[in-house]
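Fold and contact review
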Amino acid sequence: MLIAGWGALLLYKPFEKFRFFFWSYIITITLFLFFKAKDYYAIGLYPVYIAFGAVFLGNVFEKSWKRFLKPVCLLIPVLLFLPLYNVAFPNKSPEYIVSHQSQYKN
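What you see is a predicted model; the values in this text were computed from it and never measured. (Residues numbered from 1 in each chain as written. Predicted model: local features only at pLDDT ≥ 70, side-chain atom pairs only at ≥ 80, totals over all residues. Heavy atoms only, no water.)

**Details of the packing of aromatic side chains**
Overall, the coordinates contain 15 aromatic pairs when judged by the stated rule. Judged by centre distance (5.1 Å) and plane angle (85°), the ring pair of Tyr12 and Phe15 falls under edge-to-face. With respect to burial, Tyr12 and Phe15 carry one shared label: buried. Members of the aromatic cluster, joined through ring pairs, are Tyr12, Phe15, Phe18, Phe20, Phe21, Phe52 and Phe56. The residue whose ring lies beneath Lys92 is Tyr96, and the NZ or CZ to ring-centre distance is 5.4 Å. (Phe/Tyr/Trp six-rings, centres within 6.5 Å; stacked < 30°, edge-to-face > 60°. Buried < 20%, exposed > 50% of the residue type's maximum accessible area, 1.4 Å probe, protein only. Lys NZ or Arg CZ within 6 Å of the ring centre and 35° of its normal.)

This is the structure:
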């Protein structure tokens, strides 16, 4: 969504008047890098670009055969999440993790 939002701000004609959001992001990140700001300071920037990306993709997938790709776009995050669920989230007891250490090693 972020990449779609940035791309839409640069290339999508209806978002032309909002292009300053793209440049404000670039300037903000550049300043954060220059002043060595903490990574989490930038977290407030991303919802704006996710929203632009969602609106852009909603318009792209509204027409013709592309409307059938909407469910695919909803399934991709779910399918990427499922393999990580047992490893990345603390849904098992510490005793279980200790007794099954081979599953949790890199």
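**Focus: the packing of helix α1 (residues 2–11) against helix α2 (residues 19–34)**
At a closest axis distance of 8 Å, the pairing of α1 and α2 adopts a crossing angle of 125°. The angle between α1 and α2 places the two elements in the oblique class. Remark: the crossing between α1 and α2 carries left-handed chirality. Residues Trp6, Leu9, Leu10 and Leu11 of α1 form the contact with α2, whose own contacting residues are Arg19, Phe21, Phe22 and Tyr25. Broken down by class, the residue content of the contact of α1 with α2 amounts to seven nonpolar, no polar and one charged. (Axes fitted to C-alpha atoms, helices over the stretch in contact; angles between N-to-C directions. Helix = DSSP H or I, 4+ residues; strand = E, 2+ residues; numbered from the N terminus. Parallel < 35°, antiparallel > 145°, perpendicular 65-115°, else oblique. Left-handed = near helix turned anticlockwise from the far one by under 90°. Contact = heavy atoms within 4.5 Å. Nonpolar A, V, L, I, M, F, W, Y, C, P; charged D, E, K, R; others polar.)

**Some thoughts on the packing of α1 against helix α3 (residues 46–60)**
At a minimum axis distance of 7 Å, the contact between α1 and α3 shows a crossing angle of 75°. Classed by the angle they form, the pair α1 and α3 counts as roughly perpendicular. Between α1 and α3, the contacting residues are Leu2, Ala4, Gly5, Trp6, Ala8 and Leu9 on the first element and Tyr46, Tyr49, Ile50, Phe52, Gly53, Phe56 and Leu57 on the second. Of the residues in the contact of α1 with α3, the class split is 11 nonpolar, two polar and no charged.

**Structural notes on α2**
Between its first and last C-alpha atoms α2 spans 23 Å; for 16 residues at 1.5 Å apiece the expected length is 22 Å, and the two agree. Those residues of α2 not exposed but buried are Phe22, Tyr25, Thr28 and Ile29. Mapping the buried residues of α2 onto a view down its axis gives an arc of 130°, with all of them on the same face. Seen from the open side of α2, the exposed residues pointing more than 90 degrees away from its buried face are Phe20, Ile27 and Phe34. (Expected span 1.5 Å × (residues − 1). Arc of directions from axis to C-beta.)

**Comments concerning the environment of Asp39**
In this fold, Asp39 is placed in the loop between α2 and α3. Taking relative accessible area as the criterion, Asp39 reaches 73% and is therefore assigned exposed. Between the C-alpha atoms of Asp39 and Phe22, which are 17 residues apart in sequence, the distance is 19 Å.

**Quick look at the pattern of salt bridges**
Think of it this way: side chains of opposite charge can pair up when their charged atoms draw near. Enumeration according to the criterion identifies two salt bridges in this entry. Note that Glu16 is salt-bridged to Lys13, the shortest N-O span being 3.3 Å. Glu16 gets classed as partly exposed once you look at its relative accessible area, which sits at 41%. (Salt bridge = Lys/Arg side-chain N within 4 Å of Asp/Glu carboxyl O.)

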